[in-house]
Every structure is written in structure tokens, then in C-alpha cells.
Amino acid sequence: MTSLNLKSFNTLSVEAVADQVEIVASEDDIIKLAQDHGSTRLLVLGEGSNVLLAPAVHRVVCLMRSRGIAVDEIGSRIKVTVSAGENWHQLVMWTLERGYYGLENLALIPGSAGAAPVQNIGAYGVELADVLSHVDVVDLERGGCETFTNAQCGFGYRDSLFKRTPGRYAITQVTLDLSKEPGVVAAYPDLQEEFEREGVIAPTPEQVAAAVTRVRQTKLPDPTLTPNAGSFFKNPVVTAHQAARLQQSFAQLKVYPTEAGVKLSAAQLIDWAGWKERNSHGVRVWPRQPLVLVNELGSSGADILQFAAAIQSDIADRYGVRLEIEPDVIGFS
Ligand code: FAD
Ligand code: EPU
């Protein structure tokens, strides 16, 4: 394929012309593209639901479209190996229909299976690292295929080895470690509220997936109707000392202690700072989840970045907290 506007290949729906676009249907395809163009020229893309693209992307865009799911049953454990181009949500539903449990909290997350390890997708109390066995990759720099165990993926909150080495690896397959025995995770406040309202005391995995779907549909904008890339910022992680100091000034501040430090709610800070009232040519925060920036009037990637920078600077001034952008920002010099 020659150059192409990637507007319909990124969920923020920004205009972005790529030098070249190629469909990757197999491991051999991506190996050949790396040989032909060199790793630094390639941009591996799944469904474009976590990227912010510049108007010109001077790269060979490799759309990961390999398909296939294989199952290996070992007693009550199930290993599901999925090709990078499979849709994540369809995979979640596919596993649930067969009684393979573990992915239910991750229902309705947009994007491809191959991208899931990149930022260690997470939602409603579960993250990919909890259910991932291993990942098969092509090393685009050195050539050749490799397998990374869960531990070797170096997962953290919205973080992984792949996120820290952009352009180095193309993930070709993801293997999940699921179970035939339901092990429900339903402590997340939104899920508890759902089950309390419905009078459900011991939810099944199917009920968890349904509740997650309802909550997401209520809070998050549907990217097919309202362009967005999900959370535009990560929740900031600060020291216990900084969190305590902030709490002295802001008694209602939400704090979530984690191993890496104290996580704050970026949505809360953005909300308090009054950003629900601001709008720049259709770029604004989503009122029901102000971590999400929406692009309603076809603004460019640069416009969105400028709006995001204004939020970052305001939050830094008010709270002394740095908000880090979650999507991969691509093509800006
Ligand atoms: P892309 O956007 O195509 O790519 C994202 C990054 O991964 C890029 O750096 C790309 O180069 C790289 N990449 C993609 N595929 C591969 C591959 N095969 N090998 C190597 N690198 C690759 N995320 C969450 O964690 N939790 C949520 O709850 C959540 N909710 C969301 C809600 C909405 C409405 C939207 C729009 C997004 C949400 N996201 C969420 C973000 C997004 O769904 C995930 O990051 C998803 O994994 C991105 O998949 P993708 O195929 O669209 O990746
Ligand atoms: N909040 C406000 N004002 C609002 C809305 C929310 O103050 O208008 C506060 C509420 O107090 C709420 C808190 O924000 O308790 C947290 O909201 P939510 O439960 O939606 O979670 P989040 O921390 O904002 C994270 C992820 C989401 C993921 C949800 C559910 C990040 C950056 N985001 O959002 O992931 O779906 O938890 O687990 O960690 C994504 O990464 O793209 C994404 C959508």
C-alpha cells in the first residue's frame, strides 16, 4: 500500500498521512518489512486506540492484522494463544463463552490483543499481568523471534518493557493463562455498586463482564461516536510525603497506596481544576470521565497536544503534580 491518511485508523480520528501503510498478516510479513526498511522506519500499529498522531507520520505503518486463537488445556488451567491482530474485546467474549475465566474485568477495552501487553492494559481491579503467561515477539532491531515470560515483560502500572523500548519489538502472539474455575474479582467500587443495586451477592464471571460493560458504557465515550483514546493521562503516583501534604490542603483528595507510591486520581484533579468547563475547537475533557480527552470537531493531533499541555501545566501549578500522557505520541519532532 502507498501513503494513506490514518484518520480511520486512530480512534482520536486525527488526520495523519503516513509514508506507507502495510498489512501484517503473519510473523514472516513483519520480519520482511524490518529487513526491507530497517526497524527505525517502521511503526507497528494495532487498532490505533492508544496513539496520538502528528499530521505527517514519516514511517512505514505496519497494521497488525494476523488472526488465530489456539487453546491448550492442562487440567483446569487453559492456555489461550492469540495472534496480535485479534480484537481484544472479542477475545474476552470468546473465552467467556467457553468457560475460560480471567479476562472478564477487561471486557470492552478497545484495541488489539497484540497491543495489550504494551501498556499492560488494566481495568476494574485486573491488569493483563495478572493473566499473561508469555509473549512472542519479533525483535525488529536484531532480527529473529523471541519469547518473553511474564516476568521478563517488566510490567508495571500502564508500563512494560515494550512501552519502554518503543519500536524495538513487534508482538506477534500473546498467551494467556486462564482457568475453568471462576475466580471473581469484584471489589472495585463501581462493580460493588452495580451488584448492590442488582442484589447480586456472589457474581459470576459473566455477571462481572456484564457489569464492567455497563459501567464503561455509562462513563466512557464510545470512540465510534466521539473520537477519543481512553484515559489521556495516567493516574499520577507520588510519594507518601507529597500525598500527605496535599491531603492537608485538600481533605477530599483520593489516595490509593500502591507498591510504587501513592496513586492519585487524575480525573479528580482535572475535575477540581475546572476543566469540564473548557473547550478548544471541540477538544475537551469528557464530563463523566475527565481523564478522557475527546476530539469532537476534527482537531489535529497538535491541537490535542496543546490542550493536554495546558491541563498538565495547570495541574502542576495547582497541585505540584505532573500528569504523564498515556497514549503513544507519534511523529512530533
Ligand atoms: P494502538 O493504539 O494501535 O497502539 C498503541 C501502542 O502499542 C503503540 O505504541 C503501538 O506502536 C504499540 N503496538 C500496537 N500493537 C503492537 C504490537 N503488536 N506489537 C508491538 N507494539 C504494538 N486501556 C487500558 O489499559 N484500560 C482501559 O480501561 C482502557 N480503556 C479505553 C477506553 C477507550 C474508549 C479507549 C479509546 C481506549 C482505552 N484504553 C484502555 C486504551 C487502549 O484500549 C489500549 O491501550 C489498547 O491496548 C490499545 O490497543 P490498540 O491495538 O488500539 O493499540
Ligand atoms: N472522578 C472525579 N470526577 C469525575 C469522574 C471521576 O473526581 O468527573 C474520580 C472519582 O472520584 C472516581 C475516580 O475519579 O472515584 C476514579 O475514576 P475511575 O474509576 O473511572 O478510574 P480512573 O482512575 O479515572 C482508571 C483507568 C481506566 C480504567 C478505570 C477502571 C488510568 C489512567 N485509567 O481510570 O483506564 O478503565 O481506571 O479501572 O489508569 C485507560 O487507560 O484508557 C482507561 C480508560
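Above this text sits the structure in question.
Residues numbered from 1 in each chain as written. Chains lettered and ligands numbered in written order. Predicted model: local features only at pLDDT ≥ 70, side-chain atom pairs only at ≥ 80, totals over all residues. Heavy atoms only, no water.

Thoughts on the sheet that holds strand β18 (residues 289-295)
- Spatial ordering of the open sheet is given by β13-β18-β17, a layout of three strands whose pairing is antiparallel. Across the chains shown, the open sheet's two edge strands, defined by having one partner strand only, are β13 (228-231) and β17 (283-286). For this sheet, the mean angle separating the axes of adjacent strands, direction not counted, is 20°.
- Where β13 meets β18, two bridges bridge the pair, whose relative direction is antiparallel. Bridging across to β18, Asn228 finds its partner in Val294. (Pairing = 2+ DSSP bridges. Helix = DSSP H or I, 4+ residues; strand = E, 2+ residues; numbered from the N terminus. Axes fitted to C-alpha atoms, helices over the stretch in contact; angles between N-to-C directions.)

Examining the site of ligand 2
- For ligand 2, the set of nearby residues contains 25 residues, the closest of which are Tyr124, Tyr157, Tyr188, Lys254 and Lys276.
- Lys219 places a side-chain nitrogen or oxygen 3.0 Å from an oxygen atom of ligand 2.
- The contact in question runs from an oxygen atom of ligand 2 to an N or O atom on the backbone of Ser231, over 2.8 Å.
- If ligand 2 stood free it would expose 830 Å²; the protein chains cover 83% of that surface.
- For the shell around ligand 2, the secondary-structure elements that each account for two or more residues are α5 (205-219), β13, α7 (266-272) and β18.
- When the residues that make up the shell around ligand 2 are grouped by side-chain class, the tally is nine nonpolar, six polar and 10 charged.
- Split by domain, the residues of the shell around ligand 2 number at least three in each of domain 2 (69-179) and domain 3 (228-330). (Near = heavy atom within 4 Å. Polar contact = N/O pair within 3.5 Å; in protein donor to acceptor, adjacent residues only side chain to side chain. Areas by Shrake-Rupley, 256 points an atom, 1.4 Å probe, with all protein chains shown as cover. Nonpolar A, V, L, I, M, F, W, Y, C, P; charged D, E, K, R; others polar. Domains from an automatic or database assignment.)

Considerations on the site of ligand 1
- In the region of ligand 1, 33 residues are neighbours, and Val44, Gly46, Ser49, Ser112 and Asp328 sit closest.
- One nitrogen or oxygen atom from the main chain of Val44 is found 2.6 Å from an oxygen atom belonging to ligand 1.
- In the model, an oxygen atom of ligand 1 is placed 2.8 Å from a nitrogen or oxygen of the Pro110 main chain.
- Relative to its unbound accessible surface of 980 Å², ligand 1 loses 93% to contact with the protein.
- Elements supplying a minimum of two residues to the shell around ligand 1: β3 (42-45), β8 (122-123), β12 (169-179) and β13.
- The residue makeup of the shell around ligand 1, split by class, is 17 nonpolar, 12 polar and four charged.

As for the pairing of strand β15 (residues 255-258)
- Bridging between β15 and strand β16 (residues 261-264) involves four bridges; their strand directions are antiparallel. Paired with Pro257 across the bridge in β16 is Val262.

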